[in-house]
Amino acid sequence: MPIIKVENLSKIFGKNPSQAQKLLDQGLKKEEILKKTGNTVGVNRASFEVEQGEIFVIMGLSGSGKSTLVRLINRLIEPTEGSVYINEENLAAMDSKNLRRVRREKMSMVFQRFALFPYRTVLQNTEFGLEVQGIDKTERSKKAKESLELVGLGSFINQFPGQLSGGMQQRVGLARALANDPEVLLMDEAFSALDPLIRKEMQDELLDLQERMQKTILFITHDLDEALRIGDRIALMKDGSIVQIGTPEDILVNPANDYVEKFVEDVDRSKVLTAQHIMKRPETVNIEKHGPRVALERMREEGLSSIYVTDRSRNLKGYVTADDASQAIEENVKDLTNVIETNVPTCDLDTPMNDIFDMIHNSPVPIAVVEDGKLRGIIVRGAVIGALAGSEVSINE
Amino acid sequence: MSNTLLPMIPVKTWVDQSVEWITDTFEFVFDPIKNNLDTFIEFLSETLQVINPWIFIAVVAIIAFFVTGKRIGLAAFSIVGLWFILNQEMWEQLMDTFSLVITASLISVIIGVPFGIWMAKSNIVQAILTPILDFMQTMPAFVYLIPAVAFFGIGMVPGVFASVIFAVPPTVRFTNLGIRQVSTELIEAADAFGTTGIQKLFKVQLPMAKKTIMAGINQTVMLALSMVVIASMIGAEGLGKEVITALQRNDVGLGFVAGVSIVILAIVIDRFTQSLNTQKGE
Ligand SMILES: Nc1ncnc2c1ncn2[C@@H]1O[C@H](COP(=O)(O)OP(=O)(O)OP(=O)(O)O)[C@@H](O)[C@H]1O
Ligand SMILES: [Mg+2]
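Chain B is annotated in an unreviewed UniProt entry as ABC transmembrane type-1 domain-containing protein from Pontibacillus salipaludis. UniProt's Sequence similarities (unreviewed entry) comment on chain B is quoted here verbatim: "Belongs to the binding-protein-dependent transport system permease family."

An unreviewed UniProt entry annotates chain A as Quaternary amine transport ATP-binding protein of Pontibacillus salipaludis. Its UniProt record gives chain A the following Subunit (unreviewed entry) comment, quoted word for word: "The complex is probably composed of two ATP-binding proteins, two transmembrane proteins and a solute-binding protein." One UniProt comment on chain A, placed under Subcellular location (unreviewed entry), says "Cell inner membrane".

Below, the structure is given as structure tokens:
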């Protein structure tokens, strides 16, 4: 069941939205409608669903309606038509009391220019959402502090926003949004005002947080790199309409139309696609529980000739081949420790595909994608070749 | 006159009749206001008179020192200025004037801020109030004395009434302006966290507008002070009355002393309210 479900959602700014909507449905363009009726199309019949735990990115050029769309979702902007369901409750049809409840409990927003309250300290800013809910002082300061710890600002609680750098201010913005423990985070170009290095750092941190907290995140950006880095799925907008929804790979490999293609054109796929984009979920056995028998059984089930071995917390130990496993069974060895091959071909999440291509060429087993010693995924030869083939096609065009 | 095409429209009569009607009909409103205000101003003034002038001056100087961020300027000026007024035996008048200004400013703020908020929340209210405020400010201040006397007779209270009408517009305007100036992103932030209208007002809009509102209040206080001479024409006690007396007796010396005293009070009050504002903002 999706957490956010948007159906046929439209927003037209101006005096006569219904007339404009009619023309729009007849196929007129945004500019023509502006000329004819003086109304501006903000969002045109957008429909999509976002699953729990997903980072859903909405991308598009300036003026394409991203901000409008995200504000329709918490109804900071009243829709002209359509509905927004949050956990199956229709926001568009809600009275103001219920709307407040949903805004307080279900979703928080992070803003492009931070929107912190300058007269409140970092802690008081973070407490804002809880204060509005009427939660008592000790409780809310406890929660706010936890939330500030999460974003690494535990020691800045008594500063004022004006005393912090942009990156730190946006961390406060994030902490403030997380303090309510919402299910949905709405982030409107949350990192666009930051300089590139800080921006990357914040993206990593968001991904980190997301891994722990499993929120549902609606992330707006006009930057393709950012979209590819953090999005589980990406929706592309143009003139208020959504023109394509797909995984980052979908968008790169199968651009839906010229517009998307243009967007994607200047991105060299072999550079953009890194290990994390082409890796798949690894089959593993647990060295603390499993012996050669289980390993062999799993390989047989999955049709593999080798399998990776980790411990309980997914630290990579090595791999075991089917041959070695059968031999160990014959010799009645119970423990995998002496059976595994520890010389493993590894790369990390950000290794570009070019390098992987070279590695995988002469490796007998899939490449292990490792982060901090933990196995995050594996890359099989087919995936690399497939992805590179896609990129070669576009280069030749 | 018969040199116009139309007979003269009896505006004067109409206004006369309306004021008379208001005075009679709302006597039950005006009388208690008058009595209570009279008591309040008298109480305030007498309390201030009781305080030893030297202690008063010392306290003002100390507060001045701290509100200006531990600078000596205003404190020194207050000591010299107030001492001068004391020396010229104008202390009692000073306290009367001070009470009048405080009362008028207080009432202006109590009325002005809510109106400013109302104006900020509704474009219709803004459209209605803006020309009224313009009118109130462009009307010569003297004119307010006439209905003031009609409603409240002679004394301090009509002085306060006239001062309030003259002085309230900046507070209303600046409150409206301050609230409307709050950035849309902050308002969106407040809304996105599910604030009610009241929460948004007190937790976001008023704190954000505070500086602007204080600037409006500063102007209001100065306008109220500028009314003291005019208000003494209808019997308000204080420094203004000395100016009027000097005028009637052609007493240049007295006029000068009273005038300078008013200027000193004006400077002290102005700097005080201004530094209260800047200090809080930082
Ligand atoms: N309050 C409004 N009144 C009228 N038109 C508006 C309003 N807000 C947005 N629009 C119009 O709606 C369209 C979409 O604007 P929106 O702000 O959603 O774009 P965006 O994709 O967020 O752009 P950016 O990347 O510049 O933030 C634009 O044409 C804009 O001019
Ligand atoms: Mg935008």
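Here the narrative resumes.
Draft legend 1. Representation of the side chain of D270 of chain B. Residues and elements named next belong to chain B. With respect to the helices and strands, D270 occurs in helix α13 (residues 252-281). On the basis of relative accessibility, which here comes to 12%, the residue D270 falls in the buried class. For D270, the residues in contact, after removing those within four places along its chain, are N218 and M222.

Draft legend 2. Structural context of the confidence of the model for chain A. With 95% of its residues at a pLDDT of at least 70, chain A reaches an overall mean of 88. Confidence drops under pLDDT 50 across residues 391-397 of chain A; counting only partners more than four residues distant or on other chains, this segment forms four contacts.

Draft legend 3. Structural context of the interface of chain B and chain A. Each side of the interface is counted separately: chain B has 16 residues, and chain A has 26 residues. In this assembly, chain B packs against chain A so that about 1,800 Å² is buried in total across both faces, 64% of it on carbon and sulfur atoms. Considering only the side of chain B, the residues that lose the most area to chain A are E185, F193 and K203 of chain B, jointly responsible for 41% of the buried surface there. Here chain B is connected to chain A by two salt bridges. The closest approach of N and O atoms between K203 of chain B and E131 of chain A, which form a salt bridge, is 2.7 Å. Counting the contacts that link chain B with chain A gives nine residue pairs in polar contact (both at pLDDT 80 or more). Of all the secondary-structure elements, those providing two or more residues to the side of chain B that touches chain A are α9 (184-192) and α10 (197-226) of chain B. When residues of the side of chain B that touches chain A are assigned to their parent elements, the largest contribution, seven residues, is made by α9 of chain B. Among the residues forming the side of chain B that touches chain A, the class breakdown is eight nonpolar, four polar and four charged.

Draft legend 4. Summary view of the UniProt feature "domain: ABC transporter" (unreviewed entry) in chain A. As annotated in UniProt, the feature "domain: ABC transporter" (unreviewed entry) corresponds to residues 28-264 of chain A in the numbering used here. Annotated as 43% helix and 22% strand, the span residues 28-264 of chain A places its first and last C-alpha atoms 26 Å apart.

Draft legend 5. Broad picture of the packing of aromatic side chains. A full pass over the atoms with the stated rule returns 17 aromatic pairs over all chains. Aromatic pair F117 of chain A and F128 of chain A: ring centres 4.5 Å apart, planes at 45°, arrangement tilted. Taken as a pair, F117 of chain A in the loop between β6 (107-110) and α5 (122-132) and F128 of chain A in helix α5 lie far apart in primary sequence, 11 residues in all. Take F117 of chain A and F128 of chain A: they sit in the same class, and that class is buried. Taken together, a centroid distance of 6.0 Å and an interplanar angle of 85° make the contact between W21 of chain B and F26 of chain B edge-to-face. A residue is classified by how much of its surface remains accessible, and W21 of chain B, at 52% relative accessible area, is exposed. Grouped by ring-pair contacts, the aromatic residues F117, Y119 and F128 of chain A together with F193 of chain B constitute a single cluster. Over the ring of Y85 of chain A we find K5 of chain A, and its NZ or CZ is 5.6 Å from the ring centre.

Draft legend 6. Spatial organisation of the site of ligand 1. Residue and element names in this part refer to chain A. Close to ligand 1 lie 14 residues, the nearest being S62, G63, K66, S67 and T68. Contacts to ligand 1 include S64, whose backbone N or O atom sits 3.2 Å from an oxygen atom. Considering ligand 1 on its own, with 630 Å² of exposed area, one finds that the protein chains cover 60% of that surface. Of all the secondary structure elements, the ones that give two or more residues to the shell around ligand 1 are β2 (40-50) and α3 (66-73). Grouping the amino acids of the shell around ligand 1 by side-chain chemistry returns three nonpolar, eight polar and three charged.

Conventions and cut-offs
Residues numbered from 1 in each chain as written. Chains lettered and ligands numbered in written order. Predicted model: local features only at pLDDT ≥ 70, side-chain atom pairs only at ≥ 80, totals over all residues. Heavy atoms only, no water. UniProt positions renumbered as here; feature names shortened; annotations may be inferred. Helix = DSSP H or I, 4+ residues; strand = E, 2+ residues; numbered from the N terminus. Buried < 20%, exposed > 50% of the residue type's maximum accessible area, 1.4 Å probe, protein only. Contact = heavy atoms within 4.5 Å. pLDDT = per-residue confidence, 0-100. Buried area = accessible area lost by both parts, 1.4 Å probe. Salt bridge = Lys/Arg side-chain N within 4 Å of Asp/Glu carboxyl O. Polar contact = N/O pair within 3.5 Å; in protein donor to acceptor, adjacent residues only side chain to side chain. Nonpolar A, V, L, I, M, F, W, Y, C, P; charged D, E, K, R; others polar. Phe/Tyr/Trp six-rings, centres within 6.5 Å; stacked < 30°, edge-to-face > 60°. Lys NZ or Arg CZ within 6 Å of the ring centre and 35° of its normal. Near = heavy atom within 4 Å. Areas by Shrake-Rupley, 256 points an atom, 1.4 Å probe, with all protein chains shown as cover.

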